[in-house]
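Take a look at the letters that make up each chain.
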Amino acid sequence: MDRIERFSTIAPDIGNIFRYMSVATAAPLLVAAIYREWEMILPMLSVPVTLLLLGTLLVRVPRDEREAPLSAALMAVALIWLVIALVSALPFSLGLGVPYLDAVFEAMSGWTDTGLTMMRSVEDLPRTLLFWRSLMQWLGGLGIVAFTIAMASRTGLTQFRLYRSEGRSEALMPSVVATGMEMWKIYLVLTVASIGLVLLSGVPPWDAVNIALVAISTGGFSLHTEGIPFYNNPFLEVLIVPIMIAGALPFKLYYILYRQNGVRFFDDQQARLLFMLIALGIVVITWDLVTLNATDIPTAIRHALFMSAAAVTTTGFQVTSPNEWASVTVLFLSMLMVIGGASGSTAGGIKLSRVVLAFQSLLWWFRRMFVSGNVLVPFKYDGRVIPKNVADLEVSRNMLIIMLYFLSIFVATVLVMHLQPTAFDSSNVIFEVVSAMCNSGISTGFVSPDMTWPGKILFILLMWIGRLEVIPVIMFVMGFFKRFD
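Everything quoted here is computed from the prediction, not taken from an experiment.

**Observations concerning the overall build of the protein**
Helix and strand content of the protein: 21 helices and 2 strands. Looking at the protein as a whole, 59% of its 485 residues are labelled buried. For the protein, the proportion of contacts with a sequence separation of at least 24, taken over those separated by at least 6, is 74%. For the protein, the accessible surface area stands at approximately 20200 Å², while carbon and sulfur atoms represent 68% of it.

**Section: unusual backbone geometry**
The backbone phi angle of Thr314 is positive, close to 55°, even though this residue is not glycine. Here Thr314 shows up in the loop between α15 (297-312) and α16 (327-339). Note on Thr314: relative accessible area 0%, which makes it buried. Phi angles above zero are rare outside glycine, and Lys351 is one such case at about 95°. Along the polypeptide, Lys351 turns up in the loop between α16 and α17 (352-369).

**Some points on the packing of helix α6 (residues 100-111) against helix α7 (residues 127-142)**
Where α6 meets α7, the axes come as close as 7 Å, and the angle between the chain directions of the two elements is 40°. Overall, the two elements α6 and α7 adopt an arrangement that is oblique. The segment α6 lies against α7, with Glu106, Ala107, Ser109, Gly110 and Trp111 engaging Trp132, Arg133, Met136, Gln137, Leu139 and Gly140. Of the residues belonging to the contact of α6 with α7, the class tally is 5 nonpolar, 4 polar and 2 charged.

**Observations regarding a nonpolar patch on the surface**
Taken together, the side chains of Leu362, Trp365, Phe366, Met369, Phe370 and Val371 make up a nonpolar region of the molecular surface, amounting to roughly 640 Å² of accessible area. Here Phe370 is to be found in the loop between α17 and β1 (379-381).

**Here's the deal with the environment of Ile186**
Mapped onto the elements of the fold, Ile186 is located in helix α10 (residues 176-199). Along the sequence, Ile186 and Tyr255 sit 69 residues apart, while their C-alpha atoms lie 7.4 Å from each other.

**Structural notes on the pattern of salt bridges**
Using the criterion set out here, one finds 8 salt bridges in the structure. Note that Arg120 and Asp450 form a salt bridge whose closest N and O atoms lie 2.8 Å from each other. Of this pair, Arg120 sits in the loop between α6 and α7 while Asp450 sits in the loop between α19 (426-437) and α20 (453-467), and the two are 330 residues apart along the sequence. Note on accessibility: Arg120 and Asp450 belong to one class, exposed. Linked through salt bridges whose partners overlap, the residues forming this network are Lys351, Arg354 and Glu469.

**Side note on the packing of helix α14 (residues 269-292) against α17**
At a minimum axis separation of 9 Å, α14 and α17 run at an interaxial angle of 100°. By the angle class used here, α14 and α17 are roughly perpendicular. Residues Gln269, Gln270, Leu273, Leu274 and Leu277 of α14 lie in contact with α17, whose contacting residues are Leu352, Ser353, Val355, Val356 and Gln360. Of the residues contributing to the contact of α14 with α17, the split by class is 6 nonpolar, 4 polar and no charged.

**Description of the environment of Trp325**
Within the secondary structure, Trp325 is located in the loop between α15 and α16. Spatially, the C-alpha atoms of Trp325 and Leu292 are 8.1 Å apart, while their sequence positions differ by 33 residues. Apart from residues lying up to four places away in sequence, Trp325 is in contact with Ile285, Leu289, Asn293, Met307, Thr320, Val330 and Leu333.

**Observations concerning the side chain of Asp268**
Tracing the sequence through the fold places Asp268 in the loop between α13 (251-260) and α14. Here the side chain of Asp268 touches Gln270 through a polar contact of 3.0 Å, landing on its backbone nitrogen. Here Asp268 is in contact with Pro250, Lys252 and Leu253, once residues within four sequence places are set aside.

**Quick word on the side chain of Ser353**
Here Ser353 shows up in helix α17. Given a relative accessible area of 12%, Ser353 falls into the buried group. When sequence neighbours within four positions are dropped, the list of residues in contact with Ser353 reads Gln270, Ser343 and Tyr381.

**Quick notes on the environment of Gly141**
Structurally, Gly141 is set in helix α7. Classification of Gly141 by relative accessible area gives buried; the value is 1%. Sequence separation between Gly141 and Gly247 is 106 residues; the distance between their C-alpha atoms is 8.7 Å.

Analysis parameters
Residues numbered from 1 in each chain as written. Predicted model: local features only at pLDDT ≥ 70, side-chain atom pairs only at ≥ 80, totals over all residues. Heavy atoms only, no water. Helix = DSSP H or I, 4+ residues; strand = E, 2+ residues; numbered from the N terminus. Buried < 20%, exposed > 50% of the residue type's maximum accessible area, 1.4 Å probe, protein only. Contact = heavy atoms within 4.5 Å. Areas by Shrake-Rupley, 256 points an atom, 1.4 Å probe, with all protein chains shown as cover. Axes fitted to C-alpha atoms, helices over the stretch in contact; angles between N-to-C directions. Parallel < 35°, antiparallel > 145°, perpendicular 65-115°, else oblique. Nonpolar A, V, L, I, M, F, W, Y, C, P; charged D, E, K, R; others polar. Patch = residues over 30% accessible without salt bridge, like charges linked within 9 Å, V, L, I, M, F, W, Y side chains within 5 Å. Salt bridge = Lys/Arg side-chain N within 4 Å of Asp/Glu carboxyl O. Polar contact = N/O pair within 3.5 Å; in protein donor to acceptor, adjacent residues only side chain to side chain.

And the structure:
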């Protein structure tokens with residue numbers, strides 16, 4: 001199957017996704033009208049209009065009725081995320097005169113729920129663009145494909161493959177469309193509850209809405225350059241922690257809670273590991289801050305709680321700069337970000353399910369080494385015995401993705417140190433690369449508008465690669481050079 005045939009099998013589906021997204025991305029126009037920011041109407045209108053035109057053109061491509069190969073779905077998802085970021089950058093360039101590369105960085109950071117920014121002064125942004133940043137993170141939380149499939153009227157193999165290619169594996173319902181609908185119902189309920197929770201801190205409703213949108217999506221964009229410390233409100237910090245955790249837990253738990261009127265969160269392996277990592281983070285970071293930074297105990301505990309939760313959930317909120325910490329503490333926080341949140345959540349990173357599977361597979365491999373080759377050692381995962389042929393395939397695939405994550409981080413770190421001369425400690429550079437790759441957004445200050453253009457492009461690619469869990473981007477690049485059958 002050549003490139004044109006492969007594209008024609010998936011083009012109408014990509015077109016429908018762009019058309020659905022054109023409706024969703026028109027929401028900031030309401031904010032522009034409410035706050036009478038008329039000068040932002042045309043720049044903001046450029047996004048839905050461009051997506052609508054692109055979508056309409058692609059829908060008109062004659063569909064090849066043959067079944068779309070998995071490679072086409074993987075390439076399509078990578079293309080969708082790249083195009084969305086390129087188009088979503090327009091309001092920043094047209095409305096503020098921001099260099100287009102910086103605007104693409106901001107848009108990619110938004111859609112991938114990363115939270116790193118190229119804006120020098122966030123307070124100077126129009127409310128329309130502030131809401132646009134929050135909306136990108138909220139929509140990107142569960143994924144562009146997951147959002148549009150929830151709006152779809154039919155169930156097809158192409159949609160299922162697109163859904164899986166976006167890094168989604170949860171199946172709450174037999175139909176992928178029904179699953180998408182259930183996930184977005186859960187997401188909406190969590191968002192409304194988050195807004196109510198943030199309002200308890202006393203912040204204005206405008207701030208509460210935006211904080212809740214980016215907290216439940218584990219994004220991290222802020223309305224102020226200082227971030228959460230701007231409010232000088234410890235109670236707000238405490239309230240944000242459970243919202244970040246709620247976004248990083250597997251959504252299937254909420255579904256079970258609703259359907260079965262009860263669920264034991266700690267029966268879920270990912271939930272257990274999430275809370276264990278946060279607890280470990282609190283202990284280690286508190287100890288480091290007290291012993292290495294001479295921080296008083298109450299402040300150390302406060303910072304350790306918030307930063308541990310933000311790191312594990314890959315939310316870009318922070319109450320202090322890791323640049324002020326000892327290198328060993330920065331590297332420990334990097335480890336938490338690499339692991340990330342649960343599969344089937346809004347969080348980034350390698351994912352807790354992969355860590356659990358990797359640990360169990362290592363134990364399985366070692367057990368097999370100590371018995372005769374004729375003895376069948378069962379592989380158990382999530383309380384179920386997995387057939388050996390299936391287990392071997394899934395374990396290998398899981399290890400491949402983990403290996404690719406670390407390889408990407410290693411290569412990117414070496415490239416950054418060559419492309420971006422800096423006075424920052426190497427631990428801070430590694431931290432920033434991990435933050436981008438794992439879509440965290442916590443920053444030491446290394447990423448800034450003063451970076452060289454190659455450095456900015458590299459970080460844009462890192463955020464894109466990390467959000468799609470590497471494989472779709474590799475397939476996208478290979479698609480230009482290789483014939484897929």
